[in-house]
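# Structural overview
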Amino acid sequence: MHIKSEKLQSALARVKVVKQHEKLQCANPAFMPLDMYDLIAVIGEITNTYITVVEVDYEASFVNGMIERYEDGTVYIRVRRELSDDQKNFTTVKELCHVLIDEKTDFSPTGTETIELLIDAVNNPDKEFEENHLHSEKIAEIAAREILYPHEYRAKDMQSVASGHTTYKSLAIHYDVPEIVVSVALRPRYHDIMTSFWDSLE
């Protein structure tokens, strides 16, 4: 599935505002890993919403988090309690990114349909989908990766991994993210594409 580039660029422009906020300063190593409470507060401030994140018990194969939005600006994010701490971080930030980047056309009241479409997209990577909420899911995932593991650090980290001075696992522990977040972010093609997007926002 190919992500709509104009939607991704718009999302990254909003991510950039978050990353540069004085409470986060993502380009400053002293602020890594990010403080989740500060991130929730910043996204709430930027989007004029009141965000509550809670851990809940439920069994699911494909759903780690859920979001509920209300007309008065109240947002509830529910995260599976059984997840590891780094998985909870990524899931929370992915749902926060929906608050940050989604337009009303991206909203989906039929969560089951979205899950089925996502499974279809994973099983058929070359298939194209027009549904806005499906693109929203993929873009929120990218946005979460870009917030938790900022682009500013990755060229150096790629060199450190290549020279054997560090590993994906060590980097994942440092940034408090699942190892898959690091391994995807450091893929040369992904890194080059994201570099191009970030350069276009300068």
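This report concerns the structure included in the present document. (Residues numbered from 1 in each chain as written. Predicted model: local features only at pLDDT ≥ 70, side-chain atom pairs only at ≥ 80, totals over all residues. Heavy atoms only, no water.)

### Description of the nonpolar core
For soluble globular proteins, the rule of thumb is that nonpolar side chains tend to be buried together. Counting residues in hydrophobic clusters, the biggest one holds 49 residues, and the most contacted among them are Val18, Leu39, Ile43, Ile51, Val93, Ile147 and Tyr149. Mapped onto this core, the elements with two or more residues apiece are helix 1 (5-19), helix 2 (36-47), strand 3 (74-80), helix 3 (85-101), helix 5 (132-148), helix 7 (168-175), helix 8 (179-185) and helix 9 (188-200). Apart from residues no more than four positions distant in its own chain, isoleucine 51 is found in contact with Ile40, Ile43, Gly44, Val75, Ile77, Leu96 and Val99. (Core = buried A, V, L, I, M, F, W, Y, C linked by side-chain atoms within 4.5 Å. Buried < 20%, exposed > 50% of the residue type's maximum accessible area, 1.4 Å probe, protein only. Helix = DSSP H or I, 4+ residues; strand = E, 2+ residues; numbered from the N terminus. Contact = heavy atoms within 4.5 Å.)

### Notes on the sheet that holds strand 2 (residues 65-69)
The strand order 1-3-2 describes an open sheet built from three strands, whose pairing is mixed. The sheet is open, and its two edges are formed by strand 1 (50-56) and strand 2, each paired on a single side. Direction aside, the axes of adjacent strands within the sheet are offset by 15° on average. (Pairing = 2+ DSSP bridges. Axes fitted to C-alpha atoms, helices over the stretch in contact; angles between N-to-C directions.)

### Notes on the environment of glutamate 179
Of note, glutamate 179 is situated in helix 8. Using a relative accessible area of 39% as the deciding quantity, one classes glutamate 179 as partly exposed. In this structure, the C-alpha to C-alpha distance between glutamate 179 and threonine 167, residues 12 residues apart in sequence, is 9.7 Å. In contact with glutamate 179, not counting residues within four places along its chain, are Tyr168, Lys169 and Ala172.

### Examining the environment of isoleucine 142
Counting through the fold element by element, isoleucine 142 comes out in helix 5. Relative accessible area serves as the criterion here: at 12%, isoleucine 142 is assigned to the buried category. Each C-alpha atom of the pair isoleucine 142 and cysteine 97 lies 9.2 Å from the other, and the pair is 45 residues apart in sequence.

### Focus on the pattern of salt bridges
Scanning the model with the defined rule gives 11 salt bridges in all. The residue aspartate 57 makes a salt bridge to arginine 81 at a minimum N-O spacing of 3.0 Å. Remark: arginine 81 occurs in the loop between strand 3 and helix 3 and aspartate 57 occurs in the loop between strand 1 and strand 2; sequence separation between them is 24 residues. Aspartate 57 sits in the exposed class, given a relative accessible area of 54%. Within this structure, Lys94, Glu95 and Glu137 form a network of salt bridges that share partners. (Salt bridge = Lys/Arg side-chain N within 4 Å of Asp/Glu carboxyl O.)

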